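Architecture at a glance
One letter stands for each residue in the lines below.
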Amino acid sequence: MIRFSSTVDRWAARLRRDGYCIIPDLLPRDEIAALDADLDGAFAETPFCQGGFYGETTKRFGRLLARSAHAASLVEHDLVLGIVERILAPWCDRIQLNVTQAIAVHPGAPAQMPHRDQDMWRGAIGEIEYLVNVIWPLRAFTAENGATTIWPNSHGAAALEPELKSAPVAAAMPPGAALLFLGSTLHGAGANRTDEVRRGLVVGYALGWLKPYENQWLAYPPDVARHFSPELAGLVGYRQHRPNLGNYEGQCPSILLGDAGQEPLPAIDALRPDQQVLIADFVEAQRRA
Ligand SMILES: O=C(O)CCC(=O)C(=O)O
Ligand SMILES: [Fe+2]
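This section reports on the structure supplied with the text. Keep in mind that what you see is a predicted model, and the values were worked out from it rather than measured. (Residues numbered from 1 in each chain as written. Chains lettered and ligands numbered in written order. Predicted model: local features only at pLDDT ≥ 70, side-chain atom pairs only at ≥ 80, totals over all residues. Heavy atoms only, no water.)

We now examine helix 6 (residues 78-88). For helix 6, a buried count of 10 out of 11 residues is recorded, marking the element as mostly surrounded by other parts of the structure. Within helix 6 the residues assigned to the buried category are Leu79, Val80, Leu81, Gly82, Ile83, Val84, Glu85, Arg86, Ile87 and Leu88. (Buried < 20%, exposed > 50% of the residue type's maximum accessible area, 1.4 Å probe, protein only. Helix = DSSP H or I, 4+ residues; strand = E, 2+ residues; numbered from the N terminus.)

In structure tokens:
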């Protein structure tokens, strides 16, 4: 679905130009505070990460849509989805949710290694945007407490250049705002030089035909996804990506959210219009032969 609005256009243009943007006042602070409170228990019981990329002074956990009813307001945010669809539309039919992950950067944490998130997929560099990430602070992000560091204009073909042309900026922002950046934009969590924990969420969206970073079907099996809105269920994988990708018994996997799916099912083409024309012509020629 493409959402038409000049606000979407304006932010998408800025994201494409700079590789990132910070959008203020996307959600009320109260809603973010309620989400933050819902995650208190998970932050407390989750052990510190292991390994140099995740960082041993940070905590992370996923499956946010199963942990708080408020998470859906972030994932399904209309303006955010509109911008992401605008950016990724040239390369896919539909976008998908790639990840929801909470990240706590604890006092004393060093800076995370600067990286480009889409390097997780070994595709062409400098040609395609595979991903748009959205970072939502749960508590205020500051340059001192580990706000995400972003390298402006490091995206797209700049990812092929040996030298960085820009100085990094700290994505300082209050709860309710969000940082959007492209899969090709260089970034990393900042160092936390304060005595407070920096808490934020990553909500990532990717081209609908990629293998997602977080296994969405295991994170949200049918019994969980059944309670999602149809759009949210689609974002986590309960819809096909034409042609026929992500099918269940040759049908749209959303059948598993209702009563069907137990009985034998016919496989049904789910094709792009251009493929449908090609195939209809071929079938017709066979019929006439
Ligand atoms: O927590 C952050 O600010 C960024 C984390 C990040 O970029 C990542 O883990 O890929
Ligand atoms: Fe990252």
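Turning our eyes to something else, we now look at the side chain of His241. Examined against the element boundaries, His241 turns out to sit in the loop between helix 9 (230-235) and helix 10 (273-288). For His241, the side chain forms a polar contact with the main-chain nitrogen of Asp93, separated by 3.0 Å. (Polar contact = N/O pair within 3.5 Å; in protein donor to acceptor, adjacent residues only side chain to side chain.)

Here the focus is the coordination of the iron ion (ligand 2). For the iron ion (ligand 2), the full set of protein donor atoms is His115 (NE2), Asp117 (OD) and His187 (NE2), at a range of 2.1 to 2.3 Å. Counting gaps between the donor residues of the iron ion (ligand 2) yields the pattern H-x1-D-x69-H. Remark: His187 occurs in strand 8 (residues 187-188) and His115 occurs in the loop between strand 3 (95-105) and strand 4 (131-137); sequence separation between them is 72 residues. (Donors = N, O, S within 2.8 Å, 3.2 Å for Na, K, Ca; no water.)

So, about the sheet that holds strand 8. Taken together, three strands build an open sheet; the order of strands is 6-5-8 and the sheet is antiparallel. The sheet is open, and its two borders are formed by strand 6 (169-170) and strand 8, each paired with just one other strand. Relative to strand 8, strand 5 (residues 149-150) is paired through two bridges, and the arrangement is antiparallel. Looking at the pairing, Thr149 lines up with Gly188 of strand 8. (Pairing = 2+ DSSP bridges.)

Inspection of every chain in the model, using the stated rule, returns 11 salt bridges. Between Asp36 and Arg139 there is a salt bridge, and its shortest N-O distance comes to 2.7 Å. With Asp36 in helix 2 (residues 29-38) and Arg139 in the loop between strand 4 and strand 5, this pair connects stretches of sequence that are 103 residues apart. Accessibility expressed as a relative area gives 8% for Asp36, which makes it buried. You can call Arg139 partly exposed: its relative accessible area is 35%. The residue Arg288 makes a salt bridge to Glu284 at a minimum N-O spacing of 3.4 Å. Here Glu284 and Arg288 lie together in helix 10, a separation of four residues that amounts to about one turn. With a relative accessible area of 62%, Arg288 lands in the exposed category. Judged by relative accessible area, which is 27%, Glu284 ranks as partly exposed. One network of salt bridges, in which partners are shared, links Asp36, Asp40, Arg139 and Arg199. (Salt bridge = Lys/Arg side-chain N within 4 Å of Asp/Glu carboxyl O.)

Inspection of the region around ligand 1 gives Phe53, Arg60, Ile103, Gln112, His115, Asp117, Ile135, Thr148, His187, Ala189 and Arg198 as its neighbouring residues. Contact distances for ligand 1 include 2.6 Å between an oxygen atom and a side-chain N or O atom of Thr148. Contact with the protein chains covers 93% of the free accessible surface of ligand 1, which is 300 Å². (Near = heavy atom within 4 Å. Areas by Shrake-Rupley, 256 points an atom, 1.4 Å probe, with all protein chains shown as cover.)

Our focus in this paragraph is a nonpolar patch on the surface. A cluster of nonpolar side chains, namely Phe53, Tyr54, Met113, Met120 and Tyr213, defines an oily patch on the protein surface of about 470 Å² accessible area. Mapped onto the secondary structure, Tyr213 falls in the loop between strand 9 (198-207) and helix 7 (216-219). (Patch = residues over 30% accessible without salt bridge, like charges linked within 9 Å, V, L, I, M, F, W, Y side chains within 5 Å.)

Let us now look at the pairing of strand 2 (residues 58-61). Alternating positions in strand 2 separate into two faces, Thr58 and Arg60 on one and Lys59 and Phe61 on the other, with burial throughout. Pairing of strand 2 with strand 3, which is carried by four bridges, proceeds in the antiparallel orientation. Directly across from Thr58, in strand 3, lies its bridge partner Val105.

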